[in-house]
Amino acid sequence: FGNLKSQARRMADTITLPKDFGYVMAVAASSGIFVMAQGAFVMGPRKKAKVEYPALCVWPIKTEEERMYMCAQRAHQNWLETYPAFLAAITSAGVSYPKTAAGLGVVWIIGRLAYASGYRTGNPDGRLPGAGAAALSLLSLMALGTYSGIKLAMA
């Protein structure tokens, strides 16, 4: 085991997080509150549409209640589809650019909230203004995170 410990010590590198990384942590952690809220926004329409668990969708849509449920469900599901990429991007970007990453993270959350709020009106086109803000901020975080990773790898 002595050789294994020595090898592990040689392999270990240290990443020192910038002081302002706390902003990134606060934005990333608080984003989970909004994910949970989106899930809660699905419960009412699910009950009104009489969609039994474990069904996620109703197809074909026959009633107004089913349409409202499907819009709320899609808003939540789309948030979940992008959430892992957001968390990875804000974390990797924040290693080198914490304030910029945190700011972009706030824009992403606001965009996602606008997207979901617009979608839950029952008109899928209502999601479009928020979709633009969320997509642009997420792409920016991804690019910044990629650059930050390359910069760290080449250091």
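Higher on the page you've got the structure.
This write-up is about the structure you can find in this document.

**Digging into the nonpolar core**
Core analysis: the largest hydrophobic core is formed by 20 residues, its most contacted members being Phe-86, Ile-90, Trp-108 and Leu-141. Taken together, the elements giving at least two residues each to this core come down to α2 (21-49), α3 (64-96), α4 (98-119) and α5 (128-154). At six residues, α3 tops the list of elements feeding residues into this core. The residues touching Leu-141, leaving out its near neighbours within four places in the chain, are Phe-86, Ala-89, Ile-90, Ala-93, Ala-101, Leu-104 and Gly-105. Listed in part, the seven residues of the second largest apolar core include Ala-49, Val-58, Met-70 and Ala-72.

**As for the packing of α3 against α5**
One way to put it is that α3 packs onto α5 with a least axis distance of 7 Å and a crossing angle of 45 degrees. One finds that α3 runs oblique with respect to α5. For α3 against α5, the interelement crossing comes out left-handed. Where α3 abuts α5, its residues Thr-82, Ala-85, Phe-86, Ala-89, Ile-90, Ser-92, Ala-93, Val-95 and Ser-96 lie against Leu-138, Leu-141, Met-142, Leu-144, Gly-145, Ser-148 and Lys-151. Of the residues contributing to the contact of α3 with α5, the split by class is 10 nonpolar, five polar and one charged.

**Quick look at the side chain of Arg-112**
With respect to the helices and strands, the residue Arg-112 is situated in helix α4. Salt bridges are absent for the buried Arg-112, whose nearest opposite-charge side chain, Glu-81, sits at 7.3 Å.

Reading the values: the criteria
- Residues numbered from 1 in each chain as written.
- Predicted model: local features only at pLDDT ≥ 70, side-chain atom pairs only at ≥ 80, totals over all residues.
- Heavy atoms only, no water.
- Core = buried A, V, L, I, M, F, W, Y, C linked by side-chain atoms within 4.5 Å.
- Buried < 20%, exposed > 50% of the residue type's maximum accessible area, 1.4 Å probe, protein only.
- Helix = DSSP H or I, 4+ residues; strand = E, 2+ residues; numbered from the N terminus.
- Contact = heavy atoms within 4.5 Å.
- Axes fitted to C-alpha atoms, helices over the stretch in contact; angles between N-to-C directions.
- Parallel < 35°, antiparallel > 145°, perpendicular 65-115°, else oblique.
- Left-handed = near helix turned anticlockwise from the far one by under 90°.
- Nonpolar A, V, L, I, M, F, W, Y, C, P; charged D, E, K, R; others polar.
- Lys, Arg positive; Asp, Glu negative; His and termini not counted.
- Salt bridge = Lys/Arg side-chain N within 4 Å of Asp/Glu carboxyl O.

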